[in-house]
Amino acid sequence: MSPTPIILFASLLVVVHAGYVPDACMNCICDVETNCRMPDPLCHMDGGSPSCGPFQLKRAYWLDARLKGGDLMNDWQKCAASWTCSRQCVDGYMERYAVRSRLGHNPTCEDFSRIHNGGPNGFKMAATLAYWERVKKCLVGGPGLYQAEQHQNNHTKLG
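Report follows, based on the coordinates.

1. Quick look at the state of the cysteines
And then number 1: By the definition in use, this model includes five disulfides.
And then number 2: Two residues, cysteine 30 and cysteine 36, share a disulfide whose sulfurs are 2.1 Å apart. The disulfide joining cysteine 30 to cysteine 36 has a torsion of about 100° about its S-S bond and is therefore right-handed.
And then number 3: Judged by its relative accessible area of 0%, cysteine 30 falls in the buried class.
And then number 4: In the protein, the cysteines engaged in disulfides, taken in order along the sequence, are linked 1-9, 2-10, 3-4, 5-6, 7-8.
And then number 5: No disulfide involves cysteine 89; its sulfur sits 4.9 Å from that of cysteine 79, the nearest cysteine.

2. Some points on the pattern of salt bridges
And then number 1: For the coordinates displayed, the defined rule picks out four salt bridges.
And then number 2: With a closest N to O distance of 3.9 Å, aspartate 46 and lysine 58 form a salt bridge. In this pair, aspartate 46 sits in strand E1 (residues 43–46) while lysine 58 sits in the loop between strand E2 (49–52) and helix H2 (59–69), placing the two residues twelve residues apart along the sequence.
And then number 3: Assessed through its relative accessible area of 37%, aspartate 46 is described here as partly exposed.
And then number 4: Judged by relative accessible area, which is 24%, lysine 58 ranks as partly exposed.
And then number 5: The shortest N-O distance in the salt bridge between lysine 136 and glutamate 133 comes to 3.2 Å.

3. With respect to helix H4 (residues 83–97)
And then number 1: With 15 residues, H4 should reach 21 Å at 1.5 Å per residue; the first-to-last C-alpha distance of 21 Å fits that figure.
And then number 2: What H4 keeps buried is the set Cys85, Ser86, Cys89, Val90, Asp91, Gly92, Tyr93, Met94 and Tyr97.
And then number 3: Next to the buried residues of H4 lie helix H1 (23–34), H2, helix H3 (76–80), helix H5 (100–103) and helix H6 (109–118).

4. Some points on the pairing of E1
And then number 1: Strand direction decides the pairing type here: E1 and E2, joined by four bridges, are antiparallel. In the sheet register, histidine 44 faces E2, and the bridge partner there is serine 51.
And then number 2: As consecutive antiparallel partners, E1 and E2 are separated by two residues, and within that stretch glycine 47 has a phi angle of approximately 65°, a positive value.

5. Remarks on the nonpolar core
And then number 1: Counting residues in each nonpolar core, the largest one holds 33 residues, and the members touching the most others are Leu57, Cys89, Val90, Met94, Ile115 and Val135.
And then number 2: Looking at this core, the elements that each hand over two or more residues are H1, H2, H3, H4, H6 and helix H7 (129–141).
And then number 3: Setting aside anything within four residues of it in sequence, one finds cysteine 89 in contact with Leu57, Tyr61, Trp62, Ala65, Leu72 and Cys79.

6. Quick look at the packing of aromatic side chains
And then number 1: Tallied over the entire structure, the rule returns three aromatic pairs.
And then number 2: Between tyrosine 20 and phenylalanine 112 the ring centres are 5.7 Å apart and the planes differ by 75°, which places this aromatic pair in the edge-to-face class. Separated by 92 residues along the polypeptide, tyrosine 20 in the segment before H1 and phenylalanine 112 in helix H6 bring together distant segments of the chain.
And then number 3: With a centroid separation of 3.7 Å and 10° between ring planes, the pair formed by tyrosine 61 and tyrosine 93 is classed as stacked. One end of the pair, tyrosine 61, is in helix H2; the other, tyrosine 93, is in helix H4, with 32 residues separating them in the sequence.
And then number 4: You can call tyrosine 61 buried: its relative accessible area is 8%.
And then number 5: Three or more aromatic residues joined by ring pairs make a cluster, and in this case those are Tyr61, Tyr93 and Tyr97.

Rules used in this analysis
Residues numbered from 1 in each chain as written. Predicted model: local features only at pLDDT ≥ 70, side-chain atom pairs only at ≥ 80, totals over all residues. Heavy atoms only, no water. Disulfide = S-S within 2.5 Å. Buried < 20%, exposed > 50% of the residue type's maximum accessible area, 1.4 Å probe, protein only. Salt bridge = Lys/Arg side-chain N within 4 Å of Asp/Glu carboxyl O. Helix = DSSP H or I, 4+ residues; strand = E, 2+ residues; numbered from the N terminus. Expected span 1.5 Å × (residues − 1). Contact = heavy atoms within 4.5 Å. Pairing = 2+ DSSP bridges. Core = buried A, V, L, I, M, F, W, Y, C linked by side-chain atoms within 4.5 Å. Phe/Tyr/Trp six-rings, centres within 6.5 Å; stacked < 30°, edge-to-face > 60°.

Written out as structure tokens, the structure is:
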């Protein structure tokens, strides 16, 4: 029996392109926001305006993100309800605000996290440091660690 030749088709190779925000950072921002779950209901009031989807996107954030991220489904809440569009929205926002020319250095996950939490200048606001600590804890321990610790702390306080 002769060996069957193995034929590789280069056209079938798929190149995975990560977004502007590295996957680990994106996943941990999502984890801190909603335990990376699609909320039900999709939106809730936060700081006087609705925040929607797994990244808790606000309409103003979505509008800013469109300047770099494309049309983003032409609808803020539809985008927030889509995993793909939500990630594209975060990428677009960061491509606009988490850039070397604004930060004075190449953006890091700390910059992405603090800008996501505090807006365009969140990277230099003391108020976003606690949020960054939560994201950093996820980066070190993996998604779900922050929520597991919060659950344990709440259980301990109640028990």
